[in-house]
Amino acid sequence: MRAAAKAWSVWEGGVSKLRPPAAADLLDTWADDDFSLAFARIENHYFASGGDFTKPPGFFERDGWLLEDAQLSKIRHVPTVIVQGRYDVVCPVVSAWELHKALPQSVLHLTTTGHSAFEPDIVERLVAATDGFR
């Protein structure tokens, strides 16, 4: 199990940023036994729908669930800023685009980044969005 967790964690650490970290830095963090096992457990907990394998994997009841009118009607009034890395291979940009189309009052920022919320352009956009809600 630890080998699989380490492989999962190192893969995600390697693809999360547009410019991947140096191999030594990647392995120091993402291949650490405790970190990689915790990281893989948390992600897989959600991907496996809470362990109910009769449901499709993912965070929601089914693919496209959030984009259904029944769900959109509950959140349309919420000010929404979507910040998405153009080169994100973990969460494809099409997901952000579909959400933005379904919530036309939302603001969509496509950054020249990958997936990580710690890339400078994403941090800048998230801070600006948060400041804008004051």
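Everything below is about the structure printed above this text.
This section reports on the structure supplied with the text. Fair warning: this is a prediction, and the values are worked out from it, not measured in the lab. Sequence order as written defines the numbering, with residues in each chain counted from 1. With pLDDT at 70 or above as the cut-off, local features in this predicted model cover only qualifying residues; side-chain atom pairs require 80 or more to be listed or tallied, and sums for whole chains, interfaces and linings still use all residues. Here the side-chain values reflect all heavy atoms present in the structure, with hydrogen atoms and water set aside.

### Quick notes on the overall build of the protein chain
Stage number 1. The way it works is that DSSP assigns letters per residue, a run of H or I at least four long becomes a helix, a run of E at least two long becomes a strand, and they are numbered from the N terminus. Across its full length, the protein chain holds 6 helices and 2 strands.
Stage number 2. For the protein chain, the α and β elements follow one another from N to C terminus as α-α-α-α-β-α-β-α.
Stage number 3. Looking at the protein chain residue by residue over its 134 residues, the buried ones come to 28%.
Stage number 4. For the protein chain, contacts bridging at least 24 residues in sequence account for 59% of all contacts bridging at least 6.
Stage number 5. Seen as two clouds, the 13 positive and the 18 negative side-chain charges of the protein chain have centres 4 Å apart. In this scheme, a residue with accessible area under 20% of its type's maximum is buried, one over 50% is exposed, and one in between is partly exposed, where area comes from a 1.4 Å probe on protein chains only. We call two residues in contact when some of their heavy atoms are within 4.5 Å. In this tally, Asp and Glu contribute negative charge and Lys and Arg positive charge; neither His nor the terminal groups of the chain are included. Each charge is placed at NZ for Lys, CZ for Arg, CG for Asp and CD for Glu.

### Describing the side chain of E12
Stage number 1. Mapped onto the fold, E12 is located in helix α1 (residues 2-15).
Stage number 2. Any carboxyl oxygen of Asp or Glu within 4 Å of a side-chain nitrogen of Lys or Arg constitutes a salt bridge here. As a buried residue without a salt bridge, E12 has its nearest oppositely charged side chain in K17, at a separation of 12 Å.
Stage number 3. Excluding residues that lie within four positions of it along the chain, E12 makes contacts with F39, E43, V90 and H115.

### Overview of the packing of α1 against helix α2 (residues 23-30)
Stage number 1. Each axis is a line fitted through C-alpha atoms, and for a helix only the stretch in contact is used; angles between axes span 0 to 180 degrees, taken between their N-to-C directions. Their axes nearest at 9 Å, the elements α1 and α2 cross at an angle of 135°. Classed by the angle they form, the pair α1 and α2 counts as oblique. Once α1 is placed against α2, the crossing between them reads as right-handed. Counted together, K6, S9, V10, G13 and G14 of α1 and L26, L27 and W30 of α2 form the full contact between these two elements.
Stage number 2. In this count, Pro and Cys sit with the nonpolar residues alongside Ala, Val, Leu, Ile, Met, Phe, Trp and Tyr, while Asp, Glu, Lys and Arg are called charged and the others, Gly among them, polar. Taken together, the residues of the contact of α1 with α2 sort by class into 4 nonpolar, 3 polar and 1 charged. Roughly parallel here means an angle under 35 degrees, roughly antiparallel means over 145, roughly perpendicular means 65 to 115, and every remaining angle is called oblique. Handedness of a helix crossing follows the sense of rotation of the near helix relative to the far helix, less than a right angle counterclockwise being left-handed and clockwise being right-handed.

### As for the nonpolar core
Stage number 1. In this description, a nonpolar core means a group of buried Ala, Val, Leu, Ile, Met, Phe, Trp, Tyr and Cys residues linked to one another through side-chain atoms lying within 4.5 Å. L72, I82, A96, L99, A102 and L103 form the largest nonpolar core, which has 6 residues in total.
Stage number 2. Looking at this core, the element that brings in the most residues is helix α5 (residues 93-102), giving 3 residues.
Stage number 3. Apart from the residues within four sequence positions on either side, A96 is in contact with I82, Q84 and L108.

### Structural notes on the pairing of strand β1 (residues 81-85)
Stage number 1. Where burial is concerned, most of β1 is hidden: 4 out of the 5 residues are buried.
Stage number 2. Alignment of β1 against strand β2 (residues 107-111), held across 5 bridges, turns out to be parallel. Residue V83 lies in a different strand from β2, and its bridge partner there is H109.
Stage number 3. The β-α-β motif built from β1, the intervening α5 and the parallel element β2 has right-handed crossover chirality. A strand pair is defined by DSSP finding two or more bridges across the two strands. Seen with the strands pointing away from the viewer, any crossover whose path from the first strand over the helix to the second strand runs clockwise is right-handed.

### Re the packing of α1 against helix α3 (residues 33-47)
Stage number 1. At their nearest, the axes of α1 and α3 sit 8 Å apart, and the two run at 85° to each other. Between α1 and α3, the angle falls in the class roughly perpendicular. Residues R2, A5, K6, W8, S9 and E12 of α1 touch α3, and the partners they reach there are D33, D34, F35, S36, L37, F39, A40, E43, N44 and F47.

### Brief notes about the packing of aromatic side chains
Stage number 1. The pairing test for Phe, Tyr and Trp rings, Trp by its six-membered ring, is centres within 6.5 Å, and the orientation test on the planes gives stacked under 30 degrees, edge-to-face over 60, and tilted for anything in between. Scanning the entire structure with this criterion turns up 3 aromatic pairs.
Stage number 2. Between W30 and F39 the ring centres are 5.1 Å apart and the planes differ by 85°, which places this aromatic pair in the edge-to-face class. Like W30, the residue F39 is buried in the burial classification.
Stage number 3. When the centroid spacing of 5.8 Å and the interplanar angle of 15° are considered together, the rings of F35 and F39 count as stacked. Taken together, the residues F35 and F39, both in helix α3 and 4 residues apart, mark about one turn of the helix.

Read these as spatial facts, not as claims about activity.
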